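Report on the structure
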Amino acid sequence: METPTATTFTLAYLVLAVCFVFPPSEFHLAGLTVQNLLGSWLGSEDVAFVHYHLRRGTVTLVAHAALPLGYYLGMGLAAPEKQLFAISQAPEPWKVFFASALLLLVLAVTFAYYWSRDGWSRHPLARTLSAFALPPHANWRAVALSINTEFRRIDKFATGPPGARLIVTDSWILKVTTYSFHAALQRDLQLTVIDSRQQDLLLDVNRPAQFLTIRVASADPRVKAFDIRLNSSEYGEMQDKLRAPIQNGANVVIHQSLSDLFLETFSSLVERNPPYLVPSNQELDLCIGCMQSRANVKLLKNCRELHEGECQPCFCYPMWCLLCMGKWFASQQDQQHPETWLSSHVPCPTCRAKFCILDVCSVQ
């Protein structure tokens, strides 16, 4: 049975190990990442981008593989009654754990040593870049030099967290993850939007976001296809750097601004509100905002009782379409605090009676 000290150590080590493998922003700021701890050995990413990631991916693999053995050694100090440092006297499950942890680390070190031989020519990244080498004299180092040169230019497009970075240069699309490195030449590319996910709140900026998944496929069969994930607000900037058009295979509506995202959320919330039944003798005119769509929303106080709250009754007949009403609602908001938009109150564009999203009803 685990002692309280052993249980506490296990939970603490588990949290630290997860944060070390998937470092949050606090760990990056504190410098508790492989890149920061071994920065002097890794060199400069700006000077030698490819060689930096050759070393970074390799040492990251070794560091993560050492975590189970680190847990075993830490547990030996935290719970000396288990006698974990005397392997022959340790409980049988701990012997198996120690052997597995040691084997994992030995395998990682063996791979690292093998990859580093012949000037890193055996590394998977070197083999990836070899697919772009042009005969008869070019090799993966010539390709790496081309990537390094373009990465140093200030007009490149770069985005994403350290564990999933996307870089677009004049000739290359590069995806760098914790362990892997993907590359594709722009002249051979076919890019396709294959998925879209809506995130209601992006924690670092307190606003909703749409994330696109784009498949990057090369005409060269030796180059493996890969996917990139991109915030739709950066879609236009990346597109300006690309030579090939992006196909929308999933027929995704791409929102490139905060207003676009808000209008989609506004529409979905209005659909949940009770509908307004139009009297049979009343005809709906064109929306006075756009003069193109038929008026299809009516303001009815639904959020609270008639004389409660900040909202007020609106006696206007339907004069606005849903899209124009959403644009009006967004235009009345504090643009610096989008997290308050959905809960705010705005005046009716016609009679100035205050309303909230719960008061916007679709007409039927």
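Residues numbered from 1 in each chain as written. Predicted model: local features only at pLDDT ≥ 70, side-chain atom pairs only at ≥ 80, totals over all residues. Heavy atoms only, no water.

Our focus in this paragraph is the overall build of the protein. Within the protein, the regular secondary structure consists of 12 helices and 12 strands. Against the globule reference of 21 Å for 364 residues, the protein gives a C-alpha radius of gyration of 29 Å, more extended than a compact globule. Dimensions along the principal axes, computed over C-alpha positions, put the protein at roughly 90 × 65 × 30 Å. The 364 residues of the protein split such that 41% are buried. Taking the contacts inside the protein whose residues are at least 6 apart along the sequence as the reference set, 56% of them involve residues at least 24 apart. Of the accessible surface of the protein, which amounts to about 20,200 Å², a share of 58% is contributed by carbon and sulfur atoms. Looking at the protein, you have 30 positive and 30 negative side-chain charges, and the mean spots of the two groups are 8 Å apart. (Helix = DSSP H or I, 4+ residues; strand = E, 2+ residues; numbered from the N terminus. Rg over C-alpha atoms; globule rule 2.2 N^0.38 Å. Buried < 20%, exposed > 50% of the residue type's maximum accessible area, 1.4 Å probe, protein only. Contact = heavy atoms within 4.5 Å. Areas by Shrake-Rupley, 256 points an atom, 1.4 Å probe, with all protein chains shown as cover. Lys, Arg positive; Asp, Glu negative; His and termini not counted. Charge placed at Lys NZ, Arg CZ, Asp CG, Glu CD.)

Looking now at the layout of surface pockets. Its volume calculated, the second largest pocket comes out at about 430 Å³. What lines the second largest pocket is a set of 22 residues, and nearest its centre among them are Pro124, Leu125, Thr128, Ser180 and Phe181. Ranked by the residues each element gives to the lining of the second largest pocket, the list is headed by helix 5 (residues 49-65), at 5 residues. Split into classes, the residues belonging to the lining of the second largest pocket amount to 11 nonpolar, 7 polar and 4 charged. Looking at which domains feed residues into the lining of the second largest pocket, each of domain 1 (4-116) and domain 2 (153-248) supplies at least three. (1 Å grid on protein atoms, 1.4 Å probe; cavity = no way out; pocket = protein on both sides within 12 Å on 5 of 7 lines; lining within 4 Å. Points joined across faces, edges and corners; volume = space filled by probe spheres on them. Nonpolar A, V, L, I, M, F, W, Y, C, P; charged D, E, K, R; others polar. Domains from an automatic or database assignment.)

On to empty space enclosed by the protein. A complete count under the given rule lists 1 cavity of 30 Å³ or more for this structure. Considering only enclosed or pocket space, the largest cavity measures out at about 70 Å³ in volume. What lines the largest cavity is simply Val297, Lys298, Leu299, Cys314, Cys316, Tyr317, Pro318, Met319, Trp320, Met325, Cys348 and Thr350. Among the elements that take part in the lining of the largest cavity, strand 9 (residues 297-299) stands out by supplying 3 residues, more than any other. A class-by-class count of the residues in the lining of the largest cavity yields 10 nonpolar, 1 polar and 1 charged.

We now examine the sheet that holds strand 3 (residues 172-177). Spatially, 1-2-3-4 is the arrangement adopted by the 4 strands of the open sheet, whose pairing is antiparallel. Every interior strand has two partners, whereas the edge strands, strand 1 (157-159) and strand 4 (181-185), have only one. Adjacent strand axes in the sheet meet at a mean angle of 10 degrees when their direction is disregarded. Here 3 bridges tie strand 1 to strand 2 (residues 164-168), and the two strands are oriented antiparallel to one another. Across the sheet, the residue bridging to Thr159 is Leu166, located in strand 2. In the packing of helix 5 onto the sheet, contacts are made with strand 2, strand 3 and strand 4, and the angle to strand 3 comes to roughly 25 degrees. (Pairing = 2+ DSSP bridges. Axes fitted to C-alpha atoms, helices over the stretch in contact; angles between N-to-C directions.)

So, on to the pattern of salt bridges. Within the structure shown, the criterion is met by 11 salt bridges. Lys95 is the salt-bridge partner of Glu92, the closest N and O atoms lying 4.0 Å from each other. Here Lys95 and Glu92 lie together in helix 7 (residues 92-120), a separation of 3 residues that amounts to about one turn. With relative accessibility at 52%, the residue Glu92 sits in the exposed group. With its nearest N and O atoms 2.6 Å apart, the salt bridge here joins Asp170 to Lys241. One end of the pair, Asp170, is in the loop between strand 2 and strand 3; the other, Lys241, is in helix 10 (residues 235-241), and 71 residues separate them in sequence. The exposure class assigned to Asp170 is partly exposed, which follows from its relative accessible area of 27%. (Salt bridge = Lys/Arg side-chain N within 4 Å of Asp/Glu carboxyl O.)

Following the criterion strictly, the structure yields 17 aromatic pairs and no others. Here the aromatic rings of Phe262 and Phe266 are separated by 5.9 Å at their centres, their planes lie at 40 degrees, and the arrangement is tilted. You can see Phe262 and its partner Phe266 sitting in helix 11 (residues 258-270), 4 residues apart, about one turn around the helix. Each member of the pair Phe262 and Phe266 is classed as buried. Taking the centre distance of 5.3 Å and the plane angle of 80 degrees together, the rings of Phe262 and Trp341 count as edge-to-face. In this pair, Phe262 sits in helix 11 while Trp341 sits in the loop between helix 12 (322-331) and strand 10 (346-347), placing the two residues 79 residues apart along the sequence. A relative accessible area of 2% places Trp341 in the buried class. The lysine or arginine in question, Lys156, covers the ring of Phe151, its NZ or CZ lying 4.6 Å from the ring centre. The ring of Tyr276 carries the charged tip of Lys298 above its face, separated from the ring centre by 5.8 Å. (Phe/Tyr/Trp six-rings, centres within 6.5 Å; stacked < 30°, edge-to-face > 60°. Lys NZ or Arg CZ within 6 Å of the ring centre and 35° of its normal.)

What follows covers the domain arrangement of the protein. In terms of domain boundaries, the protein breaks down into domain 1 (4-116), domain 2 (153-248) and domain 3 (258-362). The distance between the C-alpha centroids of domain 1 and domain 3 comes to 55 Å.

Mapped onto this structure's residue numbering, the UniProt feature "transmembrane region" (unreviewed entry) falls at residues 53-73 and 94-115. Each end of residues 53-73 is marked by a C-alpha atom, and these two atoms are 30 Å apart; helix forms 95% of the span and strand 0%. Within residues 94-115, the helical portion is 100% and the strand portion 0%, while the C-alpha atoms at the span's ends are 31 Å from each other. (UniProt positions renumbered as here; feature names shortened; annotations may be inferred.)

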